[in-house]
Amino acid sequence: MKLDPFFEGLKYDGHRQIRFKPEKALYGDVDHSYKVEFFHPGWMFRKPVEYFQIDAGQPTFIPFDKTLFNYGDLKVPDQAIYPNGYSGMRLLAPDTLLDKRFEFMVFMGASYFRAVTTKQGWGLSARGLAINTVGGEPEEFPDFTHFWFLTPKPGDKIFHFYALLNGPSVTGAYEFEIEPGETTVMRISGSIFLRKVVKLLGLAPFSSMFWYGENTHPKPLDFRPEVHDSDGLLIEQAHAPTLWRPLDNGRELRHSVFAIEGIKGFGLQKRDREFKNFEDLEARYHERVAVWVEPIEGFGRGKLHLIEIPTGEETWDNVVTLWEPDIFPTSTEPLRFAYKLNWLKEHEHSLAKVTASRWGEGVATTEVLNDFVFVLDFTKGPVPANKPQGWVPDVAVNIQAMPRCSTNASWPIQRPAAGVHSSSSIFHPPRSCWKSPVISSTTKIPFPSAGTTNGVDSRISCCGFASVSTLRPAAPFFHVAI
């Protein structure tokens, strides 16, 4: 059913006038229970979604009801036809969790959803599925068209529901089990069928924003030192090093692909948590939530994609991650998957951790025409009992940058120190793009235990690569294997 022209034509300010009445929430009459509030179709959110509740195994349709909304100053024409469904929903935790109203999750628009914790605020978004995000084919955004809620009981810790995903190329059934808290945990499982062949299919996709950070050159003329929802991608592998990939905003789209067999976990992180590094009292970027995916089924061999799109402002998401399985479903053979999705402050591990990455121009000489310095700060993590005082862990740092003379080449700025191995791939640009490289050694600086701030235990200074001046890297790639 097409949305009435009045609601379809609403702009942002008009649509936000329509507010759900909190006292009308679904399950609002159940003590110490989860509650559901709905969004009204309009503006960008024009597709009605059907909702059902399941009692004793029997589903009951939840019809649209205009009396659930306050329309504010909007003058809805008498002849306007109201929608036949809602455009999305928000979930509220039981009042016993925080002794106050706590909205912790929203599903709205296509298959997008996002969550917060009791400590961290709104930031990046997740999706049910990604189709043709890159690769030349038009991107497809399948929709969650139906939801079925299992009616919660007083005192339930988990809110449980099902969803149907539909798009021109795909259909799928999803199951969600959600528990909010200091870490909001989602257990997501499902089966996907393809209606037709697609170029790229992505499980557990995320969208985030990175405008600029400490490693961005040049920075915009803005009063804030940094502006981003996430600052890096963390990857834990079963049979290879843990990888840290800082985000950046360059002049060209960057598409990084990590071929992995045995993925233990991955997620966009937010490691910078100091207010002084953002100075934004309204957006509060230092409190944005991070995510961590723990695969359970359907993540055997595949590729993890990181896509960074150039942006000149903070309004739109410009960072995408997704997991592409090696084997796609068909119209008769489904892809079954399951994963645990954690919304949290940060995923912690027992290894050394990159806390900051910076780069800039070095000292130019007649022999080194275009020299750059790269500085990575680490914490060393839990120190093994047999290590001497002042011990600094070995890490492999591989830094790559895009030359202006080629849009698809990259080259090593610094070679790993002797005895240290890196899993990053290295591609060399044509000879016409560079002169003979001058590589200087890596310097590891262990800080005195009482002489540092921000928990930094060591610093790695990488210096080198002499090239013609046209090869100034716009935004180097940092792949750190720990």
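Residues numbered from 1 in each chain as written. Predicted model: local features only at pLDDT ≥ 70, side-chain atom pairs only at ≥ 80, totals over all residues. Heavy atoms only, no water.

Draft legend 1. Structural detail: the overall build of the chain. From N to C terminus, the chain includes two helices and 32 strands. Burial statistics for the chain: of 482 residues in total, 52% are counted as buried. A sequence separation of at least 24 residues applies to 67% of the contacts in the chain between residues at least 6 apart. When the accessible surface of the chain is split by element, carbon and sulfur atoms take 52% of a total near 22300 Å². (Helix = DSSP H or I, 4+ residues; strand = E, 2+ residues; numbered from the N terminus. Buried < 20%, exposed > 50% of the residue type's maximum accessible area, 1.4 Å probe, protein only. Contact = heavy atoms within 4.5 Å. Areas by Shrake-Rupley, 256 points an atom, 1.4 Å probe, with all protein chains shown as cover.)

Draft legend 2. Up close: the nonpolar core. Counting 80 residues, the largest nonpolar core has F38, F149, F176, L341 and W343 as its most contacted members. For this core, the leading source of residues is strand 25 (residues 335–344), giving five residues. Counting nine residues, the second-largest nonpolar core is a separate cluster that includes W244, W292, L344 and A352. (Core = buried A, V, L, I, M, F, W, Y, C linked by side-chain atoms within 4.5 Å.)

Draft legend 3. Expanded view of the confidence of the model for the chain. Put simply, the chain has an average pLDDT of 83, and 78% of its residues get 70 or more. Note that pLDDT drops below 50 for residues 401–443; the model gives that stretch 92 contacts with residues more than four away or on any other chain. (pLDDT = per-residue confidence, 0-100.)

Draft legend 4. Layout of the packing of aromatic side chains. A full pass over the atoms with the stated rule returns 44 aromatic pairs. On the basis of an interplanar angle of 65° and a centroid distance of 6.3 Å, the ring pair of F20 and F38 is categorised as edge-to-face. Placement of the pair is F20 in strand 1 (residues 19–20) and F38 in strand 2 (residues 35–39), with a sequence separation of 18 residues. On the accessibility criterion, F38 (4% relative accessible area) is buried. The ring of W244 carries the charged tip of R271 above its face, separated from the ring centre by 3.8 Å. (Phe/Tyr/Trp six-rings, centres within 6.5 Å; stacked < 30°, edge-to-face > 60°. Lys NZ or Arg CZ within 6 Å of the ring centre and 35° of its normal.)

Draft legend 5. Spotlight on empty space enclosed by the protein. What the rule picks out here adds up to two cavities of 30 Å³ or more. Of the voids in this model, the largest cavity is the one considered here, and its volume is about 140 Å³. If you go around the largest cavity, you meet 16 residues; those closest to its centre are E214, D231, T355, A356 and S357. Of all the elements in the fold, those that place two or more residues in the lining of the largest cavity are strand 19 (243–246) and strand 26 (353–361). It is strand 26 that contributes the most residues to the lining of the largest cavity, four residues altogether. Residue composition of the lining of the largest cavity, by class: six nonpolar, five polar and five charged. (1 Å grid on protein atoms, 1.4 Å probe; cavity = no way out; pocket = protein on both sides within 12 Å on 5 of 7 lines; lining within 4 Å. Points joined across faces, edges and corners; volume = space filled by probe spheres on them. Nonpolar A, V, L, I, M, F, W, Y, C, P; charged D, E, K, R; others polar.)

Draft legend 6. Structural view of the pairing of strand 6 (residues 88–92). A large share of strand 6 lies buried, amounting to five of its five residues. Burial of the side chains of strand 6 extends over both faces: G88, R90 and L92 are buried on one face and M89 and L91 on the other. Pairing of strand 2 with strand 6 involves five bridges; the strand directions are antiparallel. The partner of K35 across the bridge, within strand 6, is L92. Across five bridges, the pairing between strand 6 and strand 7 (residues 103–108) is antiparallel. (Pairing = 2+ DSSP bridges.)

Draft legend 7. Spatial organisation of unusual backbone geometry. Omega for the bond connecting H217 with P218 falls within 30 degrees of zero, at -10°, which places this linkage in the cis form. Among the structural elements, P218 can be located in the loop between strand 16 (210–212) and strand 17 (227–228). Backbone geometry places A204, a non-glycine residue, at a positive phi of 45°. Mapped onto the elements of the fold, A204 is located in strand 15 (residues 201–208). Positive phi is not limited to glycine here, since R284 has a value of about 50°.

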